[in-house]
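Chain residues, written in single-letter form:
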Amino acid sequence: NLDRFDQNDMMEGGESLSIGIDYKLEDQQSDSIINLSAGQVFRVSENNDLPLSSSLGQKRSDIIGELEISPSDIFNFKYSFNLDNDLNETNYNFIETDFNFNKLTTSFKFLESDQKISEKSYISNKTTLNLNNKSSISFATNQNLDVDLTEYYDVIYEYKNDCLTAAIEYKKTYYKDSDILPDENIFFTIKILPFGKLSSPAMN
C-alpha cells in the first residue's frame, strides 16, 4: 500500500522507490487458493522525521509481506511477517488458522513481535461446537508468551433465532500480579433485533 502511514497529516518526503510482488493462484471456480504479497521501500537518503518503528525512513526498509492459503472450505491459513532488511531476523510474525469440521470450528492465532514494533507475543484459541441450527457452545483462551501467563478462559452457550440471541457467559481472568486472585464472572445476555442488547450484572 503506497499510503503506508494511513495518516492525512503525514508525508514521507524525499525520493523513494517501492518494489513489491503479488502472486495469486485460483481454482476453476475463481476461488483463491494461494495469495502471496511482499514489498520493500528503497530511499535515496534517510529520513529521520519518519517513525523509527516503521523502518520507512531508512535507505532500505524492512520487507513486509502476507501469505494466505485456502486449499478448501475446511482449512484456511494466514501469515503476515516483517523481515529485517539485512535478512537476519524477523521483527513481526502473525499466524492465523481456521479449521471447520462439520459442526466444529476452531481457530488459532499466534503473534510474535519484537521491541521495535510492539514487543508482544501470545497464542490464542477459540473453538465453537454447533449443537444444532440454533444453539452453540464455545471456548476461548489466550496465553501471554512474554510472561508465560494464561490471561483468560471464556465459555459461552448461545441460542439464536431470527429475532433473538440469548447467551450465558462464564469468564475467568488471570492477572500478572500474583497477589491478585483470578476474577470469575457469569453473565446472562439477551439481544432482541432491532432493539439492542441487555446484560445482567456479573455474578461472581
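Residue numbers here run from 1 along each chain, matching the order of that chain's written sequence. Reporting of local features is limited, given that this is a predicted model, to residues whose pLDDT is at least 70; pairs of side-chain atoms are given and counted only at 80 or more, and all residues count toward the totals for whole chains, interfaces and linings. Side-chain measures were taken over the full set of non-hydrogen atoms in the model, leaving aside hydrogen atoms and water.

Draft legend 1. The arrangement of the overall build of the protein chain in detail. The number of helices and strands found in the protein chain is zero helices and twelve strands. Every helix listed is a DSSP run of H or I at least four residues long, and every strand listed is a run of E at least two residues long, numbered separately from the N terminus. Written out in order from the N terminus, the α and β elements of the protein chain read β-β-β-β-β-β-β-β-β-β-β-β. Only protein chains enter the calculation, and the probe is 1.4 Å; a residue is then buried if its accessible area is under 20% of its type maximum, exposed if over 50%, and partly exposed in between. Looking at the protein chain as a whole, 26% of its 204 residues are labelled buried. Areas reported here follow the Shrake-Rupley algorithm with a probe of radius 1.4 Å; residue values treat only the protein chains shown as occluding. When the accessible surface of the protein chain is totalled, it reaches about 14000 Å², and 54% of it is carbon and sulfur.

Draft legend 2. Looking closely at the confidence of the model for the protein chain. For every residue, the predictor assigns a confidence score, pLDDT, that lies between 0 and 100. Averaged over all residues, the pLDDT of the protein chain is 85; the fraction at 70 or higher stands at 83%. Of all helices and strands in the protein chain, the one with the weakest mean pLDDT is strand β12 (residues 196–199) (66), whereas strand β7 (residues 121–130) scores best (96).

Draft legend 3. Main features of the packing of aromatic side chains. In summary, the pairing rule links any two rings of Phe, Tyr or Trp, Trp by its six-membered ring, whose centres are within 6.5 Å, and it sorts them by plane angle into stacked for under 30 degrees, edge-to-face for over 60 and tilted for everything else. Under the defined criterion, the tally for this structure stands at five aromatic pairs. By the ring-pair criterion, three or more aromatic residues cluster together here, those being Phe 75, Phe 99 and Phe 101.

Draft legend 4. Examining the pairing of strand β6 (residues 104–113) more closely. Each pair of strands is called paired provided DSSP finds at least two bridges between the two strands. Where strand β5 (residues 90–101) meets β6, ten bridges bridge the pair, whose relative direction is antiparallel. Bridge pairing links Glu 96 to Lys 109 in β6. Remark: two residues form the turn of the hairpin made by β5 and β6, two consecutive strands paired antiparallel; Asn 102 in that turn has positive phi of roughly 50 degrees. Note that β6 and β7 share nine bridges and pair antiparallel. In the strand pairing of β7, Leu 104 is matched with Leu 129.

Draft legend 5. Region of interest: the side chain of Asn 142. With respect to the element layout, Asn 142 can be found in strand β8 (residues 135–144). Here a polar contact means two N or O atoms within 3.5 Å. Within protein one must be a hydrogen donor candidate and the other an acceptor candidate, and residues neighboring in sequence count only if both atoms are side-chain atoms. A polar atom in the side chain of Asn 142 sits 2.8 Å from the side chain of Glu 151. Residues contacting Asn 142, with those up to four places away along its chain left out, are Tyr 122, Ile 123, Ser 124, Leu 149, Thr 150, Glu 151 and Tyr 152. In this description, contact between two residues means that some pair of their heavy atoms is separated by no more than 4.5 Å.

Draft legend 6. The arrangement of the pattern of salt bridges in detail. In the sections that follow, a salt bridge refers to a side-chain nitrogen of Lys or Arg positioned within 4 Å of a carboxyl oxygen of Asp or Glu. The final tally for this structure, using the stated rule, is four salt bridges. One salt bridge connects Lys 171 with Asp 154, and the closest N-O pair in it is separated by 3.4 Å. Of the two residues, Lys 171 sits in strand β10 (residues 164–173) while Asp 154 sits in strand β9 (residues 149–160), which places them 17 residues apart along the sequence.

Draft legend 7. Structural detail: the side chain of Thr 128. Mapped onto the secondary structure, Thr 128 falls in strand β7. The buried category is assigned to Thr 128, whose relative accessible area is 18%. Each residue touching Thr 128, except ones within four places of it in the same chain, is listed here: Lys 103, Leu 104, Thr 105, Ser 136, Ile 137 and Ser 138.

Draft legend 8. Just the pairing of β9, in detail. Pairing analysis gives ten bridges linking β8 to β9, with the strands arranged antiparallel. Bridged to Thr 141 within β9 is Tyr 153. What sits between the antiparallel neighbours β8 and β9 is a turn of four residues, in which Asp 148 has the positive phi angle 55 degrees. Note that β9 and β10 share nine bridges and pair antiparallel. In the strand pairing of β10, Asp 154 is matched with Lys 171. Counting the residues in the hairpin turn of β9 and β10 gives three residues.

Draft legend 9. Quick peek at the environment of Cys 163. You can see Cys 163 is positioned in the loop between β9 and β10. Note on Cys 163: relative accessible area 42%, which makes it partly exposed. Separated by 29 residues in the primary sequence, Cys 163 and Ile 192 place their C-alpha atoms 5.8 Å from one another. Cys 163 has contacts with Lys 191, Ile 192 and Leu 193, leaving out every residue within four places of it along the chain.

Draft legend 10. Region of the structure containing unusual backbone geometry. Phi at Ser 30 is positive, roughly 65 degrees, even though this residue is not glycine. Here Ser 30 shows up in the loop between β1 (16–26) and β2 (32–43). Residue Asn 102 is not a glycine yet carries a positive backbone phi of 50 degrees. With respect to the helices and strands, the residue Asn 102 is situated in the loop between β5 and β6.

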